[in-house]
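Single-letter residue listing:
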Amino acid sequence: MIASPKPYQRGKCLPSSNPFQRLADLLDGVTPGRDPIIMTIGEPQNAIPDFTADVLAENMGDFRRYPPINGTPEFRQAVASWLDRRYALDGTVDADHGVLPLNGSREGLSFGAIAARDQLDKGLDHPVVILPNPFYQTYAAAAHVADAEAVLLDAVAANGFLPDLDSLDPDLLQGTVAFYIASPTNPEGHVVDIAYWQRLIELARKHRFLIFADECYSEIYRETPPPGILEAAKAMGGGFSNIIVLNSLSKRSNLAGLRCGFAAGDPDFLRKWAKFRGLAAPQVPLPAQALAVRAYQDENHVAENRRLYNEKFEAAERILGPILGPVTPEAGFFLWLDVSRWGDGVSVARALWSDIGIKVLPGGYLASDQADGGNPGRNYIRISLTAPLKQVETALDRLANWMGETA
Ligand SMILES: Cc1ncc(COP(=O)(O)O)c(C=O)c1O
């Protein structure tokens, strides 16, 4: 294995265990100090769209049928049209060849790297998959599935929570098959701008790797819609080669249990991926695709969803701002708080549970330890603002009091 300078580290990276399991182990036997409020999981709790039951009922009979792996023409068109409207793409997404349904974006993220490795056929003994650190843990699982070496790039406050693309040496990029990156990011809620996307696309095309752009929080923003990678690619010309964007209805429409999302972008990659997926991947049930068609045609429920999250961020700013300074991220529904004044993320998470019954995730559990023993999430906790406003306010009031008393 080649030694590498910071700010990245190399090595096989088997996701050791799920962050929620690690938290369960941490809090095992610890009694909550007050009535518990759970603020760990990013599972939406706002209402599902009001047309959900009707659309499912109308399409119920189609549960009898095996769905086509590449989706119905209506599904592909609804996604292509939504992408077109959302990112002003002027019809450049080919609805027939540029869109594939997924069982939620996680399913596509998990198996994207292995498809990239096989399709690119770079003749590598040790293919590399690049991911940011901290990261959504599925990216490490994807590297593992592809039997690839995971290279973790620091995404820390000092580099604006985005990996420094110019620190990557060309040999590393030549050996890369897939680059995973989210925008908005989880956990930080940071947004990738067009210039960053374009720099990444240039590198992907030059060194022949696939970008898996995880945009599943794209609609949960404060005021300004985050730019997307397809938008950045369109402005460069050259189509969508080397780019796959993944998104779903889980966050946008509060339909996490529907397991319905899509991959869009590089038609050549998608065509070959669909062939393989036709043998190996789970299809998306036809009634779910019908619901997706309706959901992608409606922005009212999405705007309402955003409003409800933004109300909670206003509460967070009001309650925590005086202690921590600005806490509101550009997008997403998490608070990512530096708690180093009170300990590290693990000790604070434990104390919050035992002192005030608030369950939060230690930031270090969403990141990998680095070779030097550091962990870019160590000083942070992640708080999910998915609970109803009143509950969020109660939890944040308790947190603010705890911070005031414990500092
Ligand atoms: C960054 C990120 N990507 C992907 C997913 C998976 O979402 P889904 O498979 O529901 O689309 C999640 C879920 O929490 C996430 O946080």
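Reading the values: rules and limits
- Residues numbered from 1 in each chain as written.
- Predicted model: local features only at pLDDT ≥ 70, side-chain atom pairs only at ≥ 80, totals over all residues.
- Heavy atoms only, no water.
- Helix = DSSP H or I, 4+ residues; strand = E, 2+ residues; numbered from the N terminus.
- Rg over C-alpha atoms; globule rule 2.2 N^0.38 Å.
- Buried < 20%, exposed > 50% of the residue type's maximum accessible area, 1.4 Å probe, protein only.
- Contact = heavy atoms within 4.5 Å.
- Areas by Shrake-Rupley, 256 points an atom, 1.4 Å probe, with all protein chains shown as cover.
- Lys, Arg positive; Asp, Glu negative; His and termini not counted.
- Charge placed at Lys NZ, Arg CZ, Asp CG, Glu CD.
- Near = heavy atom within 4 Å.
- Polar contact = N/O pair within 3.5 Å; in protein donor to acceptor, adjacent residues only side chain to side chain.
- Nonpolar A, V, L, I, M, F, W, Y, C, P; charged D, E, K, R; others polar.
- Phe/Tyr/Trp six-rings, centres within 6.5 Å; stacked < 30°, edge-to-face > 60°.
- Core = buried A, V, L, I, M, F, W, Y, C linked by side-chain atoms within 4.5 Å.
- Arc of directions from axis to C-beta.
- Disulfide = S-S within 2.5 Å.

*Asks:* How would you sum up the overall build of the protein chain? Please name residues and give values.
*Replies:* For the protein chain, the helix and strand inventory stands at 14 helices and 13 strands. A compact globule built from 407 residues should have a C-alpha radius of gyration of about 22 Å, and the protein chain, at 21 Å, falls within 12% of that. If one aligns the C-alpha atoms of the protein chain with their principal axes, the spans along those axes are about 60 × 55 × 40 Å. Taken over 407 residues, the protein chain has a buried fraction of 57%. When contacts within the protein chain are restricted to residue pairs at least 6 apart in sequence, long-range pairs at least 24 apart make up 78% of them. Accessible surface, the protein chain: about 16600 Å² in total, of which carbon and sulfur atoms supply 51%. In the protein chain, 38 side chains carry a positive charge and 49 a negative one; their mean positions are 3 Å apart.

*Asks:* Which residues make up the environment of Tyr136, and what values go with them?
*Replies:* Note that Tyr136 resides in the loop between strand E4 (128-133) and helix H5 (138-145). The contacts of Tyr136, once residues within four sequence positions are left out, are Arg106, Leu109, Asn186 and Asp214.

*Asks:* Describe the site of the ligand, and please don't skip the residues or the numbers.
*Replies:* As a structural note, the neighbourhood of the ligand is formed by 13 residues, with Ser105, Asp214, Ser248, Ser250 and Arg259 the closest of them. Backbone polar atom of Arg106 to an oxygen atom of the ligand: 2.9 Å apart, as the coordinates give it. Within the side chain of Tyr217, a nitrogen or oxygen atom sits 2.7 Å from an oxygen atom of the ligand. For the shell around the ligand, the elements supplying multiple residues, two or more each, are helix H4 (105-120) and helix H9 (249-252). Taken together, the residues of the shell around the ligand break down into four nonpolar, five polar and four charged.

*Asks:* So what's going on with unusual backbone geometry? Which residues, and what values?
*Replies:* Geometrically, the link from Asn133 to Pro134 is a cis peptide bond, its omega value of 5 degrees lying close to zero. For the peptide bond that leads from Ser183 to Pro184, omega is -10 degrees, which places it in the cis range. When you line up the elements, Pro184 lands in the loop between strand E6 (176-182) and helix H7 (194-207). A positive phi angle, near 55 degrees, is found at Arg208, a position not held by glycine. Tracing the sequence through the fold places Arg208 in the loop between H7 and strand E7 (210-214). Assessed through its relative accessible area of 40%, Arg208 is described here as partly exposed. Backbone geometry at Asn242 places phi at a positive 70 degrees, although glycine is not the residue there.

*Asks:* Explain the side chain of Ser218 to me, and be specific about the residues and the numbers.
*Replies:* Among the secondary structure elements, Ser218 is positioned in the loop between E7 and helix H8 (229-236). Relative accessible area serves as the criterion here: at 2%, Ser218 is assigned to the buried category. Side-chain polar atoms of Ser218 contact the side chain of Asn247, separated by 3.0 Å. Leave out the neighbours within four places in its chain, and Ser218 touches Trp82, Arg86, Tyr87, Pro184, Pro226 and Asn247.

*Asks:* Lay out the packing of aromatic side chains with the relevant residues and their values.
*Replies:* Summed over the entire model, instances satisfying the criterion amount to 16 aromatic pairs. Here the aromatic rings of Trp336 and Tyr380 are separated by 4.7 Å at their centres, their planes lie at 5 degrees, and the arrangement is stacked. One end of the pair, Trp336, is in strand E10 (residues 334-338); the other, Tyr380, is in strand E13 (residues 380-384), and 44 residues separate them in sequence. Of the residues examined, Trp336 reaches a relative accessible area of 10% and is grouped as buried. Classification of Tyr380 as buried rests on a relative accessible area of 12%.

*Asks:* Could you give an account of the nonpolar core, with specific residues and numbers?
*Replies:* If you look at the biggest cluster of nonpolar residues, it comprises 54 residues, and the most contacted ones within it are Leu83, Phe179, Ile181, Ile211, Ile229, Leu230 and Phe262. Of the residues forming this core, the biggest block, seven residues, is contributed by helix H3 (residues 73-87). For Phe262, the residues in contact, after removing those within four places along its chain, are Phe75, Val79, Trp82, Leu83, Val99, Leu100, Pro101, Leu102, Val245, Leu246, Asn247 and Tyr296. In terms of nonpolar packing, the next biggest core, distinct from the first, is built from 41 residues, Leu23, Val360, Val392 and Trp402 among them.

*Asks:* Tell me about H8, and please be specific about residues and values.
*Replies:* Those residues of H8 that sit buried are Ile229, Leu230, Ala232 and Ala233. Seen along its axis, H8 keeps its buried residues to an arc of 160 degrees; they face one direction. Against H3, H7, E7, strand E8 (243-248) and strand E9 (261-265) lie the buried residues of H8. Phi turns positive one or two residues past the end of H8, at Gly237, with a value near 75 degrees.

*Asks:* Can you lay out the state of the cysteines for me, pointing to particular residues and giving the numbers?
*Replies:* One way to say it: the disulfide is the covalent bond shared by the sulfur atoms of two cysteines. Across all of its chains, the model carries zero disulfides by this definition. In this model Cys216 remains outside any disulfide bridge; the closest cysteine sulfur is found in Cys260, 14 Å from its own. Here Cys260 falls in the buried class, since its relative accessible area comes to 1%.

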